[in-house]
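Chain residues, written in single-letter form:
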Amino acid sequence: MNKKQIHLSIADMGTSEEYFIQKAFITNWITTGGPNVDDFEEDLEEFFDESVHVAALNSGTSAIHLALILLGIGNGDEVICQDFTFAATAFPILYLNAKPVFVDSEMKTWNMSPIYLKKAIEKRFNKTGKLPKAIIPVHAYGMPADMDEINAVANDYNIPVIEDAAAALGSMYKRKKCGTLGNISILSFNGNKIITTAGGGAIISKDERIIKQAKLLASQARENTNFYSHQQTGYNYRLSNICAAIGRGQMIVLPERIERRRKINQYYRKRLEIIEGVNFQKEPNRKFYSNYWMTTITVDQRKTGGVTANDIQLALEKENIESRPLWNPMHRQIVFSNSPFYGDGTSEHLFKNGLCLPSGSILTDKELRRVANVIKRTLK
Ligand SMILES: *Cc1c(COP(=O)(O)O)cnc(C)c1O
């Protein structure tokens, strides 16, 4: 293949990441903890400009794991989880021998349906006599879930919410930043996210005690004494000073990265929305502001003369352009085959008809045109 490959979403470095890394080298602060970690946490706290506290961790997955531990979830407890998500949202439930209960999405946002959430809570209570111990909604591809509705149901039953904002740094719901909308929230800085630390994550809460405890557990639960003292099970989950250096540089360019991803979304919509049978995941109204980490579509083959999302993916692949199906819902995964599911087939519909388009902020206008042209041609 001679055409340059176009990726779905890859790292997009700014100009100061190397400076912060060098500083770490000069001071020989390489490993976990260190000044860059403290400063990166401060950068994040400033970004959220509410009174939140942040602990930087080595992944979004470990952030979800710690969030569940901090809420006291353990053996046999049920945890409600969005069905339409990446498996990393649900795996930590299994780490704790707890039981995932999957709840379908609503078409409006592609995120957790408040109606099925309520149904699931009621049905589980009738069946087991117990309420689920936590609810994990997700902002799929950066699009905020309808958090007021979800939090209202959660409050009715007094169940805490873990907000999976892994892909939604910079997104907003009713002008409030995603990452501040749950009892505990988590972020990911994996390589494909809107900004990266070469692998990393964060746990966020307005409750300072929770974040202090998260930092303790993430550092092998080693107490602050001059000898080794451990009172709880610990984890090796802290971010390294080198990774935090990359994060510091990335925080400087975050506003540009959000703007660029939103521009990319605008461009695709301008070119493709007029085509019959092509539907975009989009902000339902002004309450929702997506960082459009990923531009995603569904394709209605009854209206495209039989052309499917899969046909588009194959056509793009022939041109050395990476695209990817939407998430295969959790209730369809073998690893979760024993878990209850409440819904109406929305997540399955999205999986069967959907596609993620190349959305990285690194894409040039020319590359975007190349992608859009292939899609247009395929749908002719
Ligand atoms: C990326 C992602 C995660 C996991 O984050 P890692 O940093 O890769 O562990 C969890 N949930 C969602 C929705 C994600 O997109």
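Residues numbered from 1 in each chain as written. Predicted model: local features only at pLDDT ≥ 70, side-chain atom pairs only at ≥ 80, totals over all residues. Heavy atoms only, no water.

Asks: Describe the nonpolar core, listing the residues and the values that go with them.
Replies: Ranked by size, the top nonpolar core spans 59 residues in total, and within it Leu44, Ile80, Leu117, Ile135, Tyr141, Leu169 and Leu187 carry the most contacts. Elements represented by at least two residues in this core include exactly helix 2 (35-48), strand 1 (53-57), strand 3 (99-103), helix 5 (114-128), helix 6 (147-156), strand 9 (201-205) and helix 8 (241-272). For this core, the domains that each give at least three residues are domain 1 (17-252) and domain 2 (254-379). If we ignore the near neighbours within four places in the chain, the residues touching leucine 187 are Leu44, Phe48, Gly60, Ala165, Ala166, Leu169, Gly201, Ala202 and Ile204. If you look at the next biggest cluster of nonpolar residues, it comprises 33 residues, including Ala87, Ile93, Ile162 and Tyr235. (Core = buried A, V, L, I, M, F, W, Y, C linked by side-chain atoms within 4.5 Å. Buried < 20%, exposed > 50% of the residue type's maximum accessible area, 1.4 Å probe, protein only. Helix = DSSP H or I, 4+ residues; strand = E, 2+ residues; numbered from the N terminus. Domains from an automatic or database assignment. Contact = heavy atoms within 4.5 Å.)

Asks: Before we move on, could you go through the site of the ligand and cite the residues and values that matter?
Replies: The environment of the ligand is formed by 14 residues, the closest being Gly60, Thr61, Asp164, Ser188 and Lys193. Between a nitrogen atom of the ligand and a side-chain N or O atom of aspartate 164, the distance comes to 2.8 Å. Between an oxygen atom of the ligand and a side-chain N or O atom of lysine 193, the distance comes to 3.3 Å. Among the detected pockets, the ligand sits in the largest pocket. Across the shell around the ligand, the residue classes break down as four nonpolar, eight polar and two charged. (Near = heavy atom within 4 Å. Polar contact = N/O pair within 3.5 Å; in protein donor to acceptor, adjacent residues only side chain to side chain. 1 Å grid on protein atoms, 1.4 Å probe; cavity = no way out; pocket = protein on both sides within 12 Å on 5 of 7 lines; lining within 4 Å. Sits in = over half its atoms within 2 Å of the grid points. Nonpolar A, V, L, I, M, F, W, Y, C, P; charged D, E, K, R; others polar.)

Asks: Which residues make up the state of the cysteines, and what values do they have?
Replies: A covalent bond between the sulfur atoms of two cysteines is what we call a disulfide. What the rule picks out here adds up to zero disulfides. Distance from the sulfur of cysteine 356, which forms no disulfide, to the nearest cysteine sulfur (cysteine 81) is 18 Å. (Disulfide = S-S within 2.5 Å.)

Asks: Report on the packing of aromatic side chains, specifying residues and quantitative values.
Replies: This structure, assessed with the given rule, holds 13 aromatic pairs. Arranged with centres 6.3 Å apart and planes meeting at 20°, the rings of tyrosine 141 and tryptophan 293 form a pair that is stacked. Taken as a pair, tyrosine 141 in the loop between strand 4 (134-136) and helix 6 and tryptophan 293 in the loop between strand 11 (288-289) and strand 12 (295-299) lie far apart in primary sequence, 152 residues in all. Under the relative-accessibility criterion, tryptophan 293 is labelled buried at 5%. Taken together, Phe84, Trp110, Tyr141, Trp293 and Trp327 form an aromatic cluster joined through their ring pairs. One cation-aromatic arrangement involves arginine 262 over tyrosine 289; the distance from NZ or CZ to the ring centre is 3.9 Å. (Phe/Tyr/Trp six-rings, centres within 6.5 Å; stacked < 30°, edge-to-face > 60°. Lys NZ or Arg CZ within 6 Å of the ring centre and 35° of its normal.)

Asks: Now, about the domain arrangement of the protein: what can you tell me, with residues and values included?
Replies: Quoted interface sizes are often the accessible area lost when the parts come together. Looking at the protein, the domain boundaries give domain 1 (17-252) and domain 2 (254-379). Relative placement of domain 1 and domain 2: their C-alpha centres are 25 Å apart. Counting from both sides, the interface comprises 47 residues of domain 1 and, opposite them, 39 residues of domain 2. Three residues, Trp110, Tyr141 and Ile194, lead the burial of domain 1 against domain 2; their summed loss comes to 21% of the area buried on that side. There are one salt bridge connecting domain 1 and domain 2. Between aspartate 146 and lysine 287 there is a salt bridge whose closest N-O contact spans 3.9 Å. Inspection of the region where domain 1 meets domain 2 yields 25 residue pairs in polar contact (both at pLDDT 80 or more). Counting only elements with at least two residues in the side of domain 1 that touches domain 2, the list comes to helix 4 (91-95), strand 3, helix 5, strand 6 (172-173) and helix 8. A class-by-class count of the residues in the side of domain 1 that touches domain 2 yields 29 nonpolar, nine polar and nine charged. (Buried area = accessible area lost by both parts, 1.4 Å probe. Salt bridge = Lys/Arg side-chain N within 4 Å of Asp/Glu carboxyl O.)

Asks: Pulling in residues and values, what's your account of the layout of surface pockets?
Replies: Of the volumes computed, that of the largest pocket is approximately 560 Å³. Together, 35 residues line the largest pocket, and Phe86, Asn192, Lys193, Trp293 and Trp327 are the ones closest to its centre. The dominant element in the lining of the largest pocket, judged by the number of residues it contributes, is helix 3 (residues 60-70), at three residues. Residue composition of the lining of the largest pocket, grouped by class: 17 nonpolar, 14 polar and four charged. No fewer than three residues from each of domain 1 (17-252) and domain 2 (254-379) sit in the lining of the largest pocket. (Points joined across faces, edges and corners; volume = space filled by probe spheres on them.)

Asks: I'd love a proper account of the pairing of strand 12, names of residues and values included.
Replies: For strand 12, the buried fraction is high: five of the five residues fall into the buried class. Burial of strand 12 is two-sided: the residues Thr295, Ile297 and Val299 facing one way and the residues Thr296 and Thr298 facing the other way are all buried. Direction of pairing for strand 10 (residues 278-280) relative to strand 12: antiparallel, over a ladder of three bridges. Following the sheet pairing, valine 278 is matched in strand 12 by valine 299. Of the strand pairs in this sheet, strand 12 and strand 14 (residues 354-357) are connected by four bridges, and their pairing is antiparallel. (Pairing = 2+ DSSP bridges.)

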